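Remarks on the overall topology
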Amino acid sequence: LQKMGVNFTVSNKDTVKSSDVLFLAVKPPIIPFILEEVGPDIEPRHIVVSCAAGVTISSIEKKLSTFCPTPKVIRCMTNTPVVVREGATVYATGTHADVEDGKLLEQLMASVGFCTEVEEDLIDAVTGLSGSGPAYAFTALDALADGGVKMGLPRRLAVRLGAQALLGAAKMLLESEQHPGQLKDNVCSPGGATIHALHFLESGGFRSLLINAVEASCIRTRELQHLADQEKISPAAIKKTLLDKVKLESPSLSVASANKVSLFTSKS
Amino acid sequence: GEKRGRVPAAMEAAELRVGFVGAGRMAGGLARGLLRAGKVPASSILASAPSDRNLDAWQESGCRTTHCNLEVLQESTLVFLATKPHVLPGVLQEIRPAVGPHHVVVSLVAGVSLQTLQRLLPAGTKVLRLMPNLPCVVQAGAMVFARGSGAGDTEAALLKSLLSSCGLCEEVPESYINIHTGLSGSGVAYVYLFAEALAEGAVKMGMPGGLANRIAAQTLLGAAKMMLETGEHPAKLRGDVCTPGGTTIHALHQLEKGALRATVMNAVEAATNRARDMAKD
């Protein structure tokens with residue numbers, strides 16, 4: 001990130017002071033502690049955007065309200081392909097966030113993919129679908145490549161073709177008015193190769209596996225949220241685990257900096 | 001017109017004399033459909049069978065009956081062959097002398113190809129092969145037919161126009177007939193099975209059986225009607241019923257877990273393959 005010209009600091013306080021839009025990108029159990037730490041520095045101009053899975057708007061507002069009467073909080077759920085500007089992002093606005101604040105975030109996130117506003121209670125489902133979704137796709141691609149290799153293709157080519165097939169199919173669906181079922185039919189000539197293959201997928205319960213996966217991810221997100229609400233994990237334990245991990249990965253950095261990087265300098 | 005010159009006016013539906021060689025369930029279903037639709041008067045229908053067992057129902061509808069297959073050929077222009085497969089070769093030998101260029105012979109006999117039929121009948125006979133399904137009885141049948149080398153557009157048009165009164169009737173290449181068996185001939189039984197299971201589910205949840213059966217049937221009827229009338233893809237229609245987090249999507253998940261789709265595909269495949277195998281015997 002530094003190579004890209006992003007400003008870097010080891011002080012969370014500095015990050016807050018020099019930002020207008022603040023992305024909280026720490027692990028969910030750490031959120032309360034970060035909020036405690038930076039709470040005093042939150043000003044009316046700040047828009048606090050939490051990307052932490054399972055952390056509710058109300059829990060953030062509650063923590064910040066001891067420092068700031070009307071904190072602007074937006075909760076968002078995105079996914080890893082934002083890195084190639086094909087992310088899938090949803091956001092829900094908090095009590096004191098204005099329409100313009102939501103629109104600002106939407107503008108920012110739309111530059112790295114698809115972004116839309118939702119009701120907060122749908123965010124867990126979004127996690128199950130598009131949050132975890134890339135992992136399902138990677139698993140599928142790995143297996144498709146295996147299939148290609150089994151039938152004689154070199155691995156690199158198999159991976160490339162598999163990825164392109166999914167990319168192309170997704171693009172067709174997004175650009176078409178047609179139902180995916182219809183698009184599937186369009187590929188299946190009578191008695192041909194594709195319909196034979198699809199029969200195998202159906203026999204293996206392909207569809208139900210995917211439904212199960214989305215459901216499991218969504219349910220687990222809710223569980224984690226419950227656990228967090230109950231604060232079962234001891235704060236000291238969390239801090240220690242994180243510190244140890246940080247020391248292992250980047251011995252040169254100090255503790256606090258591992259948590260946050262400011263993506264923006266002050267609005268001009 | 002000139003096309004009709006060879007064929008006497010008897011081909012006009014109103015004056016058409018229709019014969020059935022064999023009077024079993026499928027023949028009866030077709031005849032009943034034609035009668036209900038008012039396409040052919042009962043007095044114009046003649047059916048033959050070796051015993052009286054099957055013929056009573058025909059007589060009750062006002063159709064004429066006989067024990068003599070030859071008589072059917074002599075009296076009718078449109079002749080449906082509806083015997084059991086193993087009986088057919090003998091029957092064809094028997095009626096062959098009475099088959100003429102004015103006849104239109106339509107075989108309902110499962111597994112007997114046009115090639116075989118044409119071989120056992122006089123050269124140039126107008127032969128067609130029809131695969132109906134039982135709901136022809138209530139004029140909601142699904143039928144496909146294929147024409148032999150002696151049959152032309154006139155015969156195809158006649159058959160289609162007559163049988164459209166019994167449901168959906170489409171001309172197809174002969175190779176689709178076995179598939180139609182797997183899809184729709186046998187398919188009717190799959191639907192009955194599904195309906196029974198739906199009703200049982202309802203009974204388990206506390207609804208009386210009779211009511212559950214009627215509602216199950218009406219549900220299938222309604223869904224089918226929507227498919228036919230809107231022409232929309234079933235996947236789209238399915239989505240239309242699924243409110244987010246609602247009852248339907250929960251139920252569909254159960255069906256997917258049970259790999260219902262694959263099982264149904266297996267069923268169609270099994271029936272089609274069996275039809276193909278039987279045809280070889």
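Notes on the structure in this doc start here. Every value quoted in this text rests on a predicted model; they were computed, and no experiment measured them.

Calculation rules
- Residues numbered from 1 in each chain as written.
- Chains lettered and ligands numbered in written order.
- Predicted model: local features only at pLDDT ≥ 70, side-chain atom pairs only at ≥ 80, totals over all residues.
- Heavy atoms only, no water.
- Phe/Tyr/Trp six-rings, centres within 6.5 Å; stacked < 30°, edge-to-face > 60°.
- Helix = DSSP H or I, 4+ residues; strand = E, 2+ residues; numbered from the N terminus.
- Buried < 20%, exposed > 50% of the residue type's maximum accessible area, 1.4 Å probe, protein only.
- Core = buried A, V, L, I, M, F, W, Y, C linked by side-chain atoms within 4.5 Å.
- Contact = heavy atoms within 4.5 Å.
- Buried area = accessible area lost by both parts, 1.4 Å probe.
- Salt bridge = Lys/Arg side-chain N within 4 Å of Asp/Glu carboxyl O.
- Polar contact = N/O pair within 3.5 Å; in protein donor to acceptor, adjacent residues only side chain to side chain.
- Nonpolar A, V, L, I, M, F, W, Y, C, P; charged D, E, K, R; others polar.
- Axes fitted to C-alpha atoms, helices over the stretch in contact; angles between N-to-C directions.
- Parallel < 35°, antiparallel > 145°, perpendicular 65-115°, else oblique.
- Left-handed = near helix turned anticlockwise from the far one by under 90°.

1. Brief notes about the packing of aromatic side chains
Residues and elements named next belong to chain B.
- Using the criterion set out here, one finds two aromatic pairs over all chains in the structure.
- Aromatic pair Phe 20 and Phe 80: ring centres 5.0 Å apart, planes at 15 degrees, arrangement stacked. Of the two residues, Phe 20 is situated in strand β1 (residues 18–21) and Phe 80 in strand β4 (residues 78–81); the sequence distance between them amounts to 60 residues. Summarising the burial analysis for this pair, Phe 20 and Phe 80 share the class buried.
- Members of the aromatic cluster, connected to one another through ring pairs, are Phe 20, Trp 58 and Phe 80.

2. A closer look at the nonpolar core
All names here are of chain B.
- Phe 20, Leu 30, Trp 58, Phe 80, Val 106 and Leu 130 are the most contacted members of the largest nonpolar core, which has 35 residues in total.
- It is helix α6 (residues 153–163) that provides the largest number of residues to this core, a total of five residues.
- With residues up to four places along the chain from it excluded, the contact list for Trp 58 reads Phe 20, Ala 23, Ala 27, Gly 28, Ala 31, Ile 45, Ala 47, Cys 63 and Thr 65.

3. Some details on the interface of chain A and chain B
- Of the residues lining the interface, 13 residues belong to chain A; the matching set on chain B comes to 13 residues.
- Across the interface of chain A and chain B, roughly 1200 Å² is buried in total on both sides, 63% from carbon and sulfur atoms.
- For the pair chain A and chain B, the interface holds zero salt bridges.
- Our count for the chain A to chain B interface comes out at seven residue pairs in polar contact (both at pLDDT 80 or more).
- Of all the secondary structure elements, the ones that give two or more residues to the side of chain A that touches chain B are α8 (180–187), α9 (193–203) and α10 (206–230) of chain A.
- Counting residues per element, the side of chain A that touches chain B draws most heavily on α10(A), at five residues.
- In terms of residue class, the side of chain A that touches chain B is built from two nonpolar, seven polar and four charged.

4. Notes on the packing of α10(A) against helix α11 (residues 247–257) of chain B
- For the pair α10(A) and α11(B), the least separation of the axes is 8 Å and the interaxial angle reads 130 degrees. Taken together, α10(A) and α11(B) sit at an angle that is classed as oblique. Note on packing geometry: the crossing formed by α10(A) with α11(B) is left-handed. On the side of α10(A), the interface is formed by Arg207(A), Ser208(A), Ile211(A), Asn212(A) and Glu215(A), while α11(B) contributes His253(B), Glu256(B) and Lys257(B).

5. Examining the pattern of salt bridges
- A full pass over the atoms with the stated rule returns 22 salt bridges over all chains.
- Among the salt bridges present, the one from Arg155(A) reaches Asp146(A), with a minimum N-O distance of 2.6 Å.
- The class for Asp146(A) is partly exposed, based on a relative accessible area of 40%.
- Here Glu75(B) makes a salt bridge to Arg64(B), at a shortest N to O gap of 3.3 Å. Taken together, the residues Glu75(B) in helix α3 (residues 69–75) and Arg64(B) in strand β3 (residues 64–66) connect sequence positions eleven residues apart.
- In this structure Arg64(B) comes out as partly exposed when scored by relative accessible area, which is 34%.
- If you follow the salt bridges from partner to partner, you end up with Arg75(A), Glu120(A), Asp124(A) and Arg222(A) in one network.

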